[in-house]
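Residue strings, one per chain:
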Amino acid sequence: MLEQERLAAALAFGVVVLASSLPAKATATVSLELPPQSPVVGELFEIRIVADLPDAVVGWGLDFSIADGLVATVTQVDIDSAWIAAATVDGDGLAGVAFPDSISGAEVILATITLEALAEGTTQLWLSDDNPADLSEGFALDPIGFDSVIYKPAILTVVPEPASFGM
């Protein structure tokens, strides 16, 4: 029965408004891992969302944004296999639930985002959970409450196609 209760709580973590008013236990840090080399215009590439979770988390949700959408665009979001993908109010698909066990630790992969490099340039990439109306965002703790989170932005640079280098 306990596992059924945990599943029900994990799946509904975003709609439990009471839990969001409880104090956080520790601070999670969430960052973006960019590819080792700058992507080339026209190329598909992946970035990973990685978290250091000092406390056990049963679910998470967040937003990803690109400052200059002319430089790159999201083509696909894949939640890591350690999590069960969860529905999001905003439809971006960036939410996961842990079951049957909660998850904690360093460098925990949350998701992989595939982007397409559209044009040469540099842009900032952000992660956040700043939308108070979206109750599917945040890091739900086991057994109750939400973690405080530090989001680390990243800078993406897209380079020209190799044929353009010689011009």
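See the structure shown above.
Fair warning: this is a prediction, and the values are worked out from it, not measured in the lab. (Residues numbered from 1 in each chain as written. Predicted model: local features only at pLDDT ≥ 70, side-chain atom pairs only at ≥ 80, totals over all residues. Heavy atoms only, no water.)

We now examine the sheet that holds strand S8 (residues 121–128). Whether parallel or antiparallel, the strands of a sheet pair through hydrogen bonds between backbone atoms. The strand order across the open sheet built from three strands is S3-S8-S11, with neighbouring strands paired in antiparallel fashion. A single partner strand is all that each edge strand has here, and the edge strands are strand S3 (63–66) and strand S11 (154–158). Strand-to-strand twist in this sheet, taken as the mean axis angle between neighbours without regard to direction, amounts to 25°. Sheet topology note: the S8/S11 ladder contains five bridges and is antiparallel. When the bridges of S11 are listed, Gln124 appears paired with Ile155. (Pairing = 2+ DSSP bridges. Helix = DSSP H or I, 4+ residues; strand = E, 2+ residues; numbered from the N terminus. Axes fitted to C-alpha atoms, helices over the stretch in contact; angles between N-to-C directions.)

Look at the link from Phe99 to Pro100: it is a cis peptide, with omega at 10°. Position of Pro100 relative to the elements: it lies in the loop between strand S6 (95–97) and strand S7 (103–117). Phi at Glu107 takes a positive value of approximately 55°, unusual for a residue other than glycine. Within the secondary structure layout, Glu107 lies in strand S7.

In terms of strand pairing, strand S1 (residues 27–33) meets strand S10 (residues 148–151) through four bridges, oriented parallel. Residue Thr29 lies in a different strand from S10, and its bridge partner there is Ile150. For S1 and strand S2 (residues 44–61), the ladder comprises five bridges, and the chain directions are antiparallel. Its bridge partner lying in S2, Ser31 is registered against Val50.

What follows deals with the pairing of S7. Across 10 bridges, the pairing between S2 and S7 is antiparallel. From the neighbouring strand, Ile47 faces S7, where its bridge partner is Ile113. With seven bridges joining them, strand S4 (residues 72–79) and S7 adopt antiparallel strand pairing. Across the sheet, Thr73 pairs through a bridge with Glu116, a residue of S7.

Taken as a whole, this structure holds two aromatic pairs when the rule is applied. Plain terms: the ring middles of Trp60 and Trp83 are 6.1 Å apart, the flat faces sit at 85° to each other, and that makes the pair edge-to-face. Of the two residues, Trp60 sits in strand S2 while Trp83 sits in the loop between S4 and strand S5 (84–85), which places them 23 residues apart along the sequence. As far as the burial class goes, Trp60 and Trp83 line up, both buried. With 6.4 Å between their ring centres and 20° between their planes, Trp60 and Phe139 make a pair best called stacked. You can see Trp60 sitting in strand S2 and its partner Phe139 sitting in strand S9 (residues 138–141), a full 79 residues away along the chain. Each member of the pair, Trp60 as well as Phe139, carries the same accessibility label: buried. Chaining the aromatic ring pairs together yields one cluster made of Trp60, Trp83 and Phe139. (Phe/Tyr/Trp six-rings, centres within 6.5 Å; stacked < 30°, edge-to-face > 60°. Buried < 20%, exposed > 50% of the residue type's maximum accessible area, 1.4 Å probe, protein only.)

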